[in-house]
Every structure is written in structure tokens, then in C-alpha cells.
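Chain residues, written in single-letter form:
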Amino acid sequence: MTYLSRIPIAPLRTGARKLLRSPQAMHAAVLGAVAYHPEPGRTLWRLDADNPHRPYLYVLTQPQPDWTAFVEQAGWNIDDAHAKPAVAAYKPLLARLQAGQEYAFRLTASPVMTTKRPELLNPTQIARQKKDLESGKEKVRLSHRVAHRTTTAQIAWLTERIPQYGFELLPIPATADPAPGIYPFTDTEATSDPIPDIRIAHHTTHAFTKNVTTNNGTRTGGTTKVTIATATYEGSLRVTDPVILARTLITGIGRSKAYGCGLLTLAPPTAQRP
């Protein structure tokens, strides 16, 4: 069984401020909700903080989670249904998926590419490469994963991969009012090609230090700096393959899933389409 949770966060609490600042701390807090289970499996989560006064945490877990400790640390201390975690079994939604259905979607992902161009590397990658060269290491890593930094590249990163995820993007209705931030971003000429309904709602970069571990999880005593650039996508989709889409919803999209990326969520269409 898989469960989707939505947890309101009280942003002024000391514990909440720590979690909101650090994907690493949030990851640990999320895992704490399923720590009782001997085989917790894959966990996906996403922080939606569009409204900084009312941020929400969405989490997909395999076993049923216990959010008691999380609420004590970062939740609202009030007896109201809107302030409490909501947990629902995910299987009924997955069972209802059918080809042709239309949904609004939201996804936070880490759009990256592999490159050998040194001018695109971040300071940590440059320092690591320089250290390897100076130490005489036999195999120096020349290619690195770097983040897409422009909105156009971030949009292209996802649209190029969409066919493998079991859905397609819906076009923006011809009657829709123009709005800033909708793809394409620079093409002002009239075109008969449909414009896909996808946009970047938010993007940010997180940098933090984590402990270095061996393959079996043993700490080496060293640390490394981690930098993750994320983009939050919104738009409308049509189901093309419900089985593949169900797998995508459970397994996530892209990298950095431990740090709040990859969770795709669906909602009813925001408006009636023609």
C-alpha cells in the first residue's frame, strides 16, 4: 500500500524554520515518519511554499506514516482539521487512471545535464577536479552533471522526457488570455503550432554540507558540499498510458529525490477546456 500525505507547516516555529531552510533536515524528518517500519521503501516528498505563511509538505510513502513527531516539531499546535496532517491511500487514485483523462499537475524536479565544458562547472566541481589533477589520480572525472539555469532549458528538460512518463501535455486553449511565464518565452510571432500548457512556478538553488559515507552507509568522517538547483513545474496533462503514469507517480521523476525532487501530483483540471 502507498500513502500520500499533506502536512501543514507552522513557519514561525523554530523547528519549522530549520526544516524549511534545509532539504537535508527535511529529508531526515520525513524518514522519521516511517522509521518504525523495517522496510520503509522509497519515499518522495515536495515542499510547496508558494505562500510563505502557509507552506505544505507533500509526502508519498510505502507504509502508513506517523506524523506525530513531525507535528510536534514543525506543525500547528491547534485542534483544527485544516491544521492537521491529511493521509490518504494512493491505490484508489492509481486504479482510476484511464487513457484520455485530463489533470492539472505539479512537480518539483532537478533539471540537469552532463557536460565536459569547464566554464559550466560549479565551484565544488572545479575544486574536486583540480584536486584530482594535482594528486596524480589515474582517472580524472572530466564530465559532470550541472543544472539547467534558464527557464527555457528547464522547460525543455521536462518536455523532452514526458513521453516516457505515460502522459502528454495539453495545449493552452486558443481563447486563453496571454500571461507572463508561459512557454514559449521569446516567440512573439503568430504560429499555428499548439503551445503546451507548462510553466515554471518557482525555481531555487540549495547548498548544504553532508557527511561522506561508504557504499554500506558507514561514515568516513569527511564532508562534501551539495548544490541542487530545482524548478517547480505546473501545467495540464492528458493520460496516454495509465500503467506507466502510475509507475511514474510512485517512483518519481529525475534526480535528487531524497532532497524534495521528483514527486508528481495530479489534481482536477483548473478550468473546463473546450
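The paragraphs below set out a description of the structure included in this document. Computed from a predicted structure; not experimentally measured. (Residues numbered from 1 in each chain as written. Predicted model: local features only at pLDDT ≥ 70, side-chain atom pairs only at ≥ 80, totals over all residues. Heavy atoms only, no water.)

Re the sheet that holds strand β2 (residues 44-48)
Taken in spatial order, the four strands make up an open sheet running β2-β3-β1-β4, and their pairing is antiparallel. Edge strands, defined here as strands with exactly one partner in the open sheet, are β2 and β4 (86-89). Averaged over all pairs of adjacent strands, the angle between their axes in this sheet comes to 15 degrees, without regard to strand direction. Pairing analysis gives four bridges linking strand β1 (residues 3-8) to β4, with the strands arranged antiparallel. Residue pairing for β4: Leu4 is matched across the bridge by Ala88. Where helix α2 (residues 23-32) meets the sheet, it contacts β2 and β3 (56-61), and its direction lies at approximately 125 degrees from that of β2. (Pairing = 2+ DSSP bridges. Helix = DSSP H or I, 4+ residues; strand = E, 2+ residues; numbered from the N terminus. Axes fitted to C-alpha atoms, helices over the stretch in contact; angles between N-to-C directions. Contact = heavy atoms within 4.5 Å.)

Thoughts on the pairing of β3
The two faces of the sheet receive side chains in turn, since in a regular strand these alternate between them. Among the six residues of β3, six are classified as buried, and the element is accordingly described as predominantly covered. Residues of β3 alternate between two faces, with Tyr56, Tyr58 and Leu60 on one and Leu57, Val59 and Thr61 on the opposite face, all of them buried. Taken together, the six bridges between β1 and β3 define a ladder with antiparallel strand orientation. Bridging from a neighbouring strand, Ile7 pairs with Leu57 of β3. Pairing of β2 with β3 involves five bridges; the strand directions are antiparallel. Looking at β3, one finds that Trp45 is bridged to Val59. (Buried < 20%, exposed > 50% of the residue type's maximum accessible area, 1.4 Å probe, protein only.)

As for the packing of aromatic side chains
Tallied over the entire structure, the rule returns three aromatic pairs. Between Trp67 and Phe70, the ring centres sit 5.7 Å apart and the planes meet at 80 degrees, which makes this aromatic pair edge-to-face. Take Trp67: its relative accessible area is 5%, and that puts it in the buried class. Seen in terms of ring centroids, Phe105 and Phe167 are 6.2 Å apart; in terms of plane orientation they differ by 40 degrees. Their pairing is tilted. (Phe/Tyr/Trp six-rings, centres within 6.5 Å; stacked < 30°, edge-to-face > 60°.)

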